[in-house]
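Below are the chains, spelled out letter by letter.
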Amino acid sequence: MNNILDVINKQRNYFQNGNTFNVKNRIEFLDKLYNVIRNNTTLIYNALQLDLGKNEDEAYTCEIGLLLNEISYIKNNLLNWTKPKKVKTPLSSWPSKGYIQYSPYGVVLIIAPWNYPFLLSLQPLIGAIAAGNCAVVKPSELSPNCSEVISKIINEVFSEEYVSVIIGDKSVVDELLKYKFDYLFYTGNSIVASSIMQKISKYLTPVTLELGGKSPCIIDSSADLRLAARRIIFGKLLNAGQTCVAPDYIIVTKDVKQKLINYLILEINSQYGDNILFNNNFGKIINQRHFDRLLNLIDTQKVVYGGKFSAEFLKIEPTIMDNVAENDKVMQEEIFGPILPILTVENIYDAKKIIAKFPEPLALYVFSNTKDVINYFINTISFGGGCINDTIMHLASDYLPFGGVGKSGMGNYHGKHSFYTFSHEKSISKSKTFLDIPIRYQPYSTLKRWMIRLFLK
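Not measured: the values here are computed from a predicted model.

Got a minute to help me understand the overall build of the protein chain in this structure?
Across its full length, the protein chain holds 15 helices and 18 strands. What you see for the protein chain is a C-alpha radius of gyration of 25 Å, in line with the 23 Å of a compact globule of 457 residues. Seen along its three principal axes, the alpha-carbon backbone of the protein chain occupies a region of about 80 × 55 × 40 Å. Burial status across the protein chain gives 54% buried among its 457 residues. Nonlocal contacts in the protein chain, meaning residues at least 24 apart in sequence, comprise 72% of its contacts between residues at least 6 apart. When the accessible surface of the protein chain is split by element, carbon and sulfur atoms take 52% of a total near 21000 Å².

Even after reading the chapter, I still don't get unusual backbone geometry, so can you show me in this structure?
Backbone geometry follows two general trends: most residues other than glycine have a negative phi, and most peptide bonds adopt the trans configuration. The residue after Q442, namely P443, is reached through a cis peptide bond having omega -5 degrees. In this fold, P443 is placed in the loop between β18 (423-431) and α15 (446-455). The backbone of L204 sits at a positive phi, close to 55 degrees, despite the residue not being glycine. Examined against the element boundaries, L204 turns out to sit in the loop between α8 (190-200) and β7 (207-210). Exposure remark for L204: the relative accessible area of 73% places this residue in the exposed category.

Is there a simple way to explain the sheet that holds strand β8 (residues 216-219) in this structure?
Within a sheet, each strand pairs with its neighbour through backbone hydrogen bonds, oriented either parallel or antiparallel. The strand order β10-β13-β14-β9-β8-β15-β16 describes an open sheet built from 7 strands, whose pairing is mixed. Of all the strands in the sheet, just β10 (303-305) and β16 (385-388) have a single pairing partner and so form its edges. On average, each strand axis in the sheet is tilted by 25 degrees relative to the strand beside it, whichever way the strands run. Judged from the 4 bridges that link them, strand β15 (residues 363-367) and β16 form a sheet pairing that is parallel. By the bridge assignment for β16, Y365 is matched with C387.

What should I look at first to understand the packing of helix α3 (residues 41-52) against helix α6 (residues 144-157) in this one?
Angle between the axes and distance between the axes: these two values describe a pair of packed helices. It is the contact of α3 with α6, at a shortest axis distance of 7 Å, that shows an interaxial angle of 160 degrees. Relative to α6, the element α3 lies roughly antiparallel. Of α6, the residues touching α3 (which contributes L43, I44, A47, L48, L50 and D51) are P144, N145, C146, V149, K152 and I153. The residue makeup of the contact of α3 with α6, split by class, is 9 nonpolar, 1 polar and 2 charged.

In this structure, what is going on with the sheet that holds strand β2 (residues 96-104)? I would like to understand it.
Here we have 3 strands laid out as an open sheet, ordered β1-β2-β18, and antiparallel in their pairing. For this open sheet the edge positions go to β1 (85-87) and β18, each flanked by a neighbour on one side alone. Taken over all neighbouring pairs, the strand axes of this sheet differ in orientation by 30 degrees on average, direction set aside. Here 9 bridges tie β2 to β18, and the two strands are oriented antiparallel to one another. Bridged to Y102 within β18 is E425.

Would you take a moment to explain the pairing of β7 for this structure?
Residues in a regular strand point their side chains to alternate faces of the sheet. Both faces of β7 are covered, namely the face carrying V207 and L209 and the face carrying T208 and E210. Sheet analysis places strand β6 (residues 183-187) next to β7, joined by 4 bridges and oriented parallel. What sits directly across from Y186, in β7, is L209. Between β6 and its parallel partner β7, the chain crosses via α8, and the hand of that crossover is right-handed. Note: β7 against strand β17 (residues 409-410), 2 bridges, orientation antiparallel. Residue E210 lies in a different strand from β17, and its bridge partner there is G409.

Please clarify how helix α2 (residues 23-39) should be interpreted in this entry.
It helps to recall that an α-helix has 3.6 residues per turn; residues three or four apart then point in one direction. Relative to the 24 Å expected for 17 residues at 1.5 Å per residue, α2 spans 25 Å between its end C-alpha atoms, a close match to the ideal helical length. Along α2, the residues classified as buried are V23, R26, I27, F29, L30, L33, Y34, V36 and I37. For α2, the secondary structure elements touched by its buried residues are α3, α4 (56-81), α5 (117-130), α6 and α14 (416-421). Two to three positions downstream of the cap, the backbone nitrogen of K24 sits 2.9 Å from a side-chain oxygen, assigning the N-cap of α2 to N22.

Just to check I follow, could you spell out the packing of aromatic side chains for this structure?
Given two aromatic rings, their pairing is described by the distance between the two centres and the angle made by the two planes. All told, the structure shown has 23 aromatic pairs when counted by the stated rule. Residues Y102 and Y420 carry aromatic rings whose centres are separated by 5.4 Å and whose planes lie at 40 degrees to one another, so their mutual orientation is tilted. Residue Y102 is located in strand β2, and its partner Y420 is located in helix α14; the two are separated by 318 residues in the primary sequence. Y102 sits in the buried class, given a relative accessible area of 11%. The class for Y420 is partly exposed, based on a relative accessible area of 32%. Site record: aromatic cluster; members linked through ring pairs are Y73, W81, Y102, Y399, F419 and Y420. Geometry around Y34 places K75 over its ring, the cationic atom sitting 5.3 Å from the centre.

Could you clarify how one ought to interpret the packing of α5 against α6 in this entry?
Viewed as axis vectors pointing N to C, α5 and α6 meet at an angle of 30 degrees, and their least axial separation amounts to 10 Å. Seen along the crossing, α5 lies across α6 with a hand that is right-handed. Between α5, through P117, F118, S121, L122 and L125, and α6, the contact on the second element is made entirely by C146, V149, I150, I153 and I154.

Help me out: how do you make sense of the pattern of salt bridges in this one?
Between side chains of opposite charge, pairing is possible as soon as their charged atoms come close. Inspection of every chain in the model, using the stated rule, returns 19 salt bridges. Connected through shared salt-bridge partners, R12, K180 and D182 make up one network.

Quick notes on the rules
Residues numbered from 1 in each chain as written. Predicted model: local features only at pLDDT ≥ 70, side-chain atom pairs only at ≥ 80, totals over all residues. Heavy atoms only, no water. Helix = DSSP H or I, 4+ residues; strand = E, 2+ residues; numbered from the N terminus. Rg over C-alpha atoms; globule rule 2.2 N^0.38 Å. Buried < 20%, exposed > 50% of the residue type's maximum accessible area, 1.4 Å probe, protein only. Contact = heavy atoms within 4.5 Å. Areas by Shrake-Rupley, 256 points an atom, 1.4 Å probe, with all protein chains shown as cover. Pairing = 2+ DSSP bridges. Axes fitted to C-alpha atoms, helices over the stretch in contact; angles between N-to-C directions. Parallel < 35°, antiparallel > 145°, perpendicular 65-115°, else oblique. Nonpolar A, V, L, I, M, F, W, Y, C, P; charged D, E, K, R; others polar. Right-handed = clockwise from strand over helix to strand, strands pointing away. Expected span 1.5 Å × (residues − 1). Polar contact = N/O pair within 3.5 Å; in protein donor to acceptor, adjacent residues only side chain to side chain. Phe/Tyr/Trp six-rings, centres within 6.5 Å; stacked < 30°, edge-to-face > 60°. Lys NZ or Arg CZ within 6 Å of the ring centre and 35° of its normal. Left-handed = near helix turned anticlockwise from the far one by under 90°. Salt bridge = Lys/Arg side-chain N within 4 Å of Asp/Glu carboxyl O.

Here's what the structure looks like:
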């Protein structure tokens, strides 16, 4: 695949010639991207419908709208972010001044997933462009219609030596990873992430990994159960559960469990109707392999709601499973679908023992009106980010960094954090020439030694 190496070399030359350094030019390109996305909304809607069964409202809310909002926010703030940041200077360095200069890495590689193909391909790209990089974008082959539209949009805005889209399967990713990139941004699962890190380690390439994991919902008896059910169902069933921060399972105290289940069922019917398999507002599973995997996680003996499916349309009903144990099949992997297991505890604080048996989650949700309970879980559990009395809304904020920890990822982005992720912080000390204090130079006298110890202690 010589064309991949050709693209990388073209981008490296384009970058080294300083074509991306002008901040106002970056803003102009982001503005062009904004307009091209708006002009192609119908194509985006159609592609998302074909690949994932998304309706227009969900497509706009969870992909197009978030992208447009991100571009607007970054455009409005970029000039300020790129200014050198003054820092204090120690007395021992006087007379000099220190500042941080934000510098682009160079040529970056963005490997995107299939579940939110537009958002998770273009949102990292927005940050990369804002920081002054060139980029190669590899969309997922599992959402082919979306990949074609992504390619069309990017090609309308950028030349190949600035931003290039490369479409293909796993073999294309393997080929890309043979070459040196200055930064790599990957969204997907931890198994693939581990393989990617091994392959790029020879280049010491810095990386951001946006992964996933089993994100718990913790609910105690003080919670507003009806509201909790509404917000859990909203977060769980977006994109038919194929969301990295979707509530993966519920831990609830025994005294309110049945009431919560009743409310969850009410909310499913309220939001999607009682014939959800034929509801066009409810998405489909991405492909047959994932469909079969999800069906294999359902223990029919523990299903208290749902469980039906359509093999023809690759749809699975929202399925609630009760009396789930930690060693059940559904608890051994991230579900990534419309299956919601419920685990029960006598004491809400015992939820931590369950969560600790799994790798660090990407998200954690606490539903409670008891301050001590909220603080306990927020402060004592390692997780990427989360919400109190809500689900998934933390990732919609331009002001909050989004990212994982441990097995759920490393690094973060969104808003200014995207700019910082794709920027190297250069440390600069600017010294004056009108005065040169000889204390640091050899030979060291008794006075010099005394003064050094006075300043450096």
